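Letter by letter, the chains look like this.
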Amino acid sequence: MKKLIFAFLGLFGLCAFAWGEYNEMKIPSSQEIRSRITGSWLMAPLSTLRNKSDEIIVNNVGTRFQVRLEENDRDFAIVLAPETKMDMELRNGDSVRTVKAQIYPKGAAGSWVLYRNKKTEESTKIEWYFNPDSDVHIEFRPMKNKTYVDLVVFGSYLARSVPVGVPFTKLYSASFQDVRRWTKTSLPWDKIQVVPGQYRDSLYMVSVIKENLGNFEYDPSTCYDEKGQLIDIFTGLPYTRKDDEGKDYVPDLKNIHLLSGAGFVKWIVDGIVEPATGRGTKLKDLTSPTIDYSQTGKTGVMSQDWNLFFTLDWVRNLGAKAMEIRTRRDVTFETGGIDVIHNYFVSDLIDGKLVSSVGYIKNTGYSTDRIKSMLYVLAVTEPSWFFLGAIRQPSAQKPDEIVFNDCAVFFPYFDDKGRFGCFVFEKGEVMSIEKFISRHKGSFVHLERIKATQIFFPYKK
C-alpha cells in the first residue's frame, strides 16, 4: 500500500511539474532549460558563446527548444525558441509536395531572449514572447538594482517602466506563471487576453461586403439616399451626367454601385438600418454638425468654403443611427457613446522627453501610426463591435490645414489560434491594416463603434 501511495504521489508531482511547464496561456515553457544553462549560456562570456554551436534541448514535457547566439552592432542575444512546424512546398520538376519544416523563430509564443551589451557584457533586456503575434510581448530591463517591465502592443506601450519587485537575474529561472503572479495588478493583462470565437457577426458582415466589392466604382460625390436612389452628397439632387451637348441625364448604371468613400460607408451602415426601418439613413441627418466652433474664428471662416469636419460628422451620425436601431431610442453620437475615446497607451519617454503620443485627441482621434495597436485592444475589449473611421489629413487645397475628407470601416478580430487581423474597407475596396496605415501615413483616424450583426442586408444592384 505504501508503495502505491508513493507511486501516486510521484505521478501527481510529475503531472504538477508538467503543468508548470505550460502557463495558463498554453505557451511552451523554457523555465527548466534556463535553469540548466544559466552558467553555460546565459552568463557565459561572449568569446565562449561564439565558439558554441546551436543546441536543441527538450523540456520536461517534450517540447524542443533551440538555444543560439545572435549578434548585432551593439548587443548580443541568447535566444531560446520553441520548435514550430511550418508547411513548406518542395518542387521536383512539375511535381509539388508539402512537408513539415521544423523552425525556431525568435518571436514564437514561448520564446525567451536575453540581450547583453557587447562592450560590458552586462545584461540589458529580456524579451518574453507569449502571444501568437510576436509584436505583442513583454520586455524586462535592469536599472540601478531594480527591474522594470514594459508591455508592448505593435510598438505602443500598454505599460511602460513598471517596477517588478524581483532581481533581474531571477528572471533567468522564472516561469511565465511567476511573471503573471508578480505583475497581476501592475500590468493590464485584461487588455490583451484574447478569447477566440467572439467574432462571428463581424466576420459574417465582412463576407457579405466582400461578395459585393466587384460591383463598386468610385465617384467623389455620390451616395444612396434613404430610398436607394443615387444622389449627389453635396447638393442632395439626383446623380446626373452630361451628354455630348452638355445636357444632364441620369445614367443607367445597371449592376454598378457608383459611390464615394462616404457613400460606401453609408451603404454598409444602411445594410443594418434599412432591414429594421424599411429605409436607409437620410442625407440631412448625416451632414448635421457635431462640432461647435466660432463662425468668426479661423475654423468658422474656413468652413464657409468647405466643411472641415465632413466625414467626422458623417460617421458620427451614421453611428448614432445604427445605435438607435439597437437601443430603440433616439440618440446622438454623444448620448449613444459612439465615439471611441480611450487612452489605453502611455507615451514613450526617452531621456526624459516625450517622443510619441499614442492617446486620443479630442475631435481628431488617433494617429494612423498607432491605430493598429488601438484596434488590437478594441478587438479584445469590444469583440462584438466594428468601427467607422473618419480620416483627418492635410488638405489638398491648403496642406497646412488638416481636414476630415475620407472615411473607412474597420473589422478587427482574432482567428481560432488567437492571431490578430483586421479587415479595412475604404472607397469600395478591402485592404490590410498595414496597407491602410501606409496609405494614410501622417494622418489621424477618429473611431465610432457599431455593434456587429448578422441582420445585415446592404442594398444590391
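Residues numbered from 1 in each chain as written. Predicted model: local features only at pLDDT ≥ 70, side-chain atom pairs only at ≥ 80, totals over all residues. Heavy atoms only, no water.

Engineer: Got a minute to help me understand the pairing of strand 10 (residues 156-164) in this structure?
Structural biologist: Each regular strand displays side chains that alternate between the two surfaces of the sheet. Relative to strand 10, strand 9 (residues 146-153) is paired through six bridges, and the arrangement is antiparallel. Residue pairing across strands places Val-152 opposite Tyr-157, the latter belonging to strand 10. What sits between the antiparallel neighbours strand 9 and strand 10 is a turn of two residues, in which Phe-154 has the positive phi angle 50 degrees. (Pairing = 2+ DSSP bridges. Helix = DSSP H or I, 4+ residues; strand = E, 2+ residues; numbered from the N terminus.)

Engineer: When you look at the pattern of salt bridges in this model, what are you seeing that I'm missing?
Structural biologist: Any two side chains of opposite charge can pair, so long as their charged atoms come close to each other. According to the stated counting rule, one finds 29 salt bridges in the structure shown. In this structure, the salt-bridge partner of Lys-85 is Glu-83, at a minimum N-O distance of 2.9 Å. Between Lys-191 and Asp-190 there is a salt bridge, with its nearest N and O atoms 3.0 Å apart. Note on Lys-191: relative accessible area 17%, which makes it buried. Overlapping salt bridges bring together Lys-284, Asp-285, Lys-321 and Glu-324 as one network. (Salt bridge = Lys/Arg side-chain N within 4 Å of Asp/Glu carboxyl O. Buried < 20%, exposed > 50% of the residue type's maximum accessible area, 1.4 Å probe, protein only.)

Engineer: Please clarify how the nonpolar core should be interpreted in this entry.
Structural biologist: In a soluble, globular protein the nonpolar side chains are often hidden away together inside. Formed by 122 residues in total, the largest nonpolar core has its most connected members in Ile-138, Tyr-376 and Phe-410. Ranked by residues supplied to this core, first place goes to strand 21 (residues 402-414) with nine residues. Once residues within four sequence positions are removed from consideration, Phe-410 is found in contact with Leu-375, Phe-386, Phe-387, Gly-389, Cys-422, Phe-423, Val-424, Ile-433, Phe-436, Val-445 and Leu-447. By size, the runner-up hydrophobic cluster in this structure holds seven residues, among which are Ala-77, Val-79, Ala-81 and Tyr-104. (Core = buried A, V, L, I, M, F, W, Y, C linked by side-chain atoms within 4.5 Å. Contact = heavy atoms within 4.5 Å.)

Engineer: Please explain the packing of helix 6 (residues 261-277) against helix 9 (residues 310-327) as it appears in this structure.
Structural biologist: In a pair of packed helices, the angle between the axes and the distance between the axes together describe the arrangement. Between helix 6 and helix 9, the least distance of the axes is 9 Å, while the angle of their chain directions is 15 degrees. What the angle tells us is that helix 6 and helix 9 run roughly parallel. The way helix 6 lies across helix 9 gives a crossing that is left-handed. Along the contact surface, helix 6 presents Ala-262, Val-265, Lys-266, Val-269, Ile-272, Val-273, Ala-276 and Thr-277, while helix 9 presents Phe-310, Trp-314, Leu-318, Lys-321, Ala-322 and Ile-325. By residue class, the composition of the contact of helix 6 with helix 9 is 11 nonpolar, one polar and two charged. (Axes fitted to C-alpha atoms, helices over the stretch in contact; angles between N-to-C directions. Parallel < 35°, antiparallel > 145°, perpendicular 65-115°, else oblique. Left-handed = near helix turned anticlockwise from the far one by under 90°. Nonpolar A, V, L, I, M, F, W, Y, C, P; charged D, E, K, R; others polar.)

Engineer: Please clarify how the packing of aromatic side chains should be interpreted in this entry.
Structural biologist: Aromatic ring pairs are reported here in terms of the distance separating the ring centres and the angle at which the planes meet. As enumerated under the stated definition, the model contains 25 aromatic pairs in all. Residues Phe-410 and Phe-436 carry aromatic rings whose centres are separated by 5.1 Å and whose planes lie at 90 degrees to one another, so their mutual orientation is edge-to-face. With Phe-410 in strand 21 and Phe-436 in helix 11 (residues 433-439), the pair connects residues that are 26 residues apart, well separated along the chain. The class for Phe-410 is buried, based on a relative accessible area of 0%. (Phe/Tyr/Trp six-rings, centres within 6.5 Å; stacked < 30°, edge-to-face > 60°.)

Engineer: In this structure, what is going on with the sheet that holds strand 6 (residues 112-117)? I would like to understand it.
Structural biologist: On the basis of which strands lie adjacent, the open sheet formed by eight strands has the order 1-2-3-6-7-8-9-10 and antiparallel pairing. Strands with a single pairing partner mark the edges of an open sheet, and in this sheet they are strand 1 (55-58) and strand 10. Adjacent strand axes in the sheet meet at a mean angle of 20 degrees when their direction is disregarded. Sitting on the sheet, helix 2 (residues 31-42) touches strand 1, strand 2 (64-71), strand 3 (75-82), strand 6 and strand 7 (123-129), and the angle it makes with strand 1 is about 150 degrees.

Engineer: Where do I start with the pairing of strand 22 (residues 420-426) in this structure?
Structural biologist: Across the seven residues of strand 22, seven count as buried, placing the element largely inside the fold. Going residue by residue along strand 22, you find Phe-420, Cys-422, Val-424 and Glu-426 tucked away on one face and Gly-421, Phe-423 and Phe-425 tucked away on the opposite face as well. In this structure, the hairpin formed by strand 21 and strand 22 is closed by a connection of five residues, where Gly-418 is found at a positive phi of approximately 85 degrees. In sequence, strand 22 turns back onto strand 23 (residues 429-432) through a hairpin of two residues, with Lys-427 there showing a positive phi of about 50 degrees.

Engineer: Could you clarify how one ought to interpret helix 2 in this entry?
Structural biologist: Note: α-helices contain 3.6 residues per turn, so residues at a spacing of three or four share the same orientation. Helix length check: helix 2 (12 residues) gives 13 Å between terminal C-alpha atoms against 16 Å at 1.5 Å per residue, more than 12% under. When helix 2 is considered as a whole, its buried residues turn out to be Glu-32, Ile-33, Arg-34, Ile-37, Thr-38, Trp-41 and Leu-42. (Expected span 1.5 Å × (residues − 1).)

Engineer: Is there a simple way to explain the sheet that holds strand 19 (residues 366-367) in this structure?
Structural biologist: Remark on secondary structure: sheet strands pair via backbone hydrogen bonds, oriented parallel or antiparallel. Spatially, six strands are ordered 19-24-20-21-22-23 in an open sheet, and the strand pairing comes out antiparallel. At either end of the open sheet lies a strand with only one pairing partner, and these are strand 19 and strand 23. Note: strand 20 (residues 385-394) against strand 21, eight bridges, orientation antiparallel. Each bridged residue has a counterpart across the sheet, and for Pro-394 the counterpart in strand 21 is Ile-402. Seen against the sheet, helix 9 touches strand 20, strand 21 and strand 24 (444-451) and runs at an angle of roughly 170 degrees to strand 20. Contacting strand 19, strand 20, strand 21, strand 22 and strand 24, helix 10 (residues 371-381) crosses the sheet at an angle of about 45 degrees to strand 21.

Engineer: I tried to follow the confidence of the model for the protein chain on my own but got confused; where do I start?
Structural biologist: For residues with low pLDDT, the predicted coordinates do not support detailed interpretation. Here the protein chain averages 88 in pLDDT, and 88% of its residues register 70 or above. Between residues 294-306, whose pLDDT stays under 50, and residues either more than four places distant or in other chains, the model counts 18 contacts. (pLDDT = per-residue confidence, 0-100.)

Engineer: Can you help me understand helix 5 (residues 200-212) in this one?
Structural biologist: With 13 residues, helix 5 extends 19 Å between its outermost C-alpha atoms, agreeing within 8% with the 18 Å of an ideal straight helix rising 1.5 Å per residue. Turning to helix 5, its buried residues are Ser-202, Met-205, Val-206, Val-208, Ile-209 and Asn-212. The buried residues of helix 5 occupy one face: seen down the axis, they fall within an arc of 165 degrees. Exposed side of helix 5, more than 90 degrees from the buried face: Arg-200 and Glu-211 are the residues found there. (Arc of directions from axis to C-beta.)

Engineer: Whenever I open this one, unusual backbone geometry confuses me. Can you help?
Structural biologist: Leaving glycine out, the prevailing phi sign among residues is negative, and the prevailing peptide bond configuration is trans. One non-glycine residue, Asn-145, lies in the positive phi region at around 65 degrees. The topology assignment puts Asn-145 in the loop between strand 8 (136-143) and strand 9. Notably, Lys-427 is not glycine yet its phi reads approximately 50 degrees, a positive angle. Tracing the backbone shows Lys-427 in the loop between strand 22 and strand 23.

Engineer: I keep staring at the environment of Ile-231 and nothing clicks. Help me out?
Structural biologist: Mapped onto the elements, Ile-231 comes out in strand 13 (residues 230-232). Among all residues touching Ile-231, those that are not within four sequence positions of it are Ser-221, Thr-222, Cys-223, Asp-225, Gly-236, Leu-237, Pro-238, Tyr-239 and Leu-283.

Engineer: Where do I start with the packing of helix 5 against helix 6 in this structure?
Structural biologist: Contact geometry for helix 5 and helix 6: axes closest at 12 Å, N-to-C directions at 130 degrees. In terms of orientation, helix 5 and helix 6 fall into the oblique class. Remark: the crossing between helix 5 and helix 6 carries right-handed chirality. Each of Met-205, Ile-209 and Asn-212 in helix 5 lies in contact with helix 6, whose residues at this interface are Phe-264, Trp-267, Ile-268 and Ile-272. Split by residue class, the contact of helix 5 with helix 6 holds six nonpolar, one polar and no charged.

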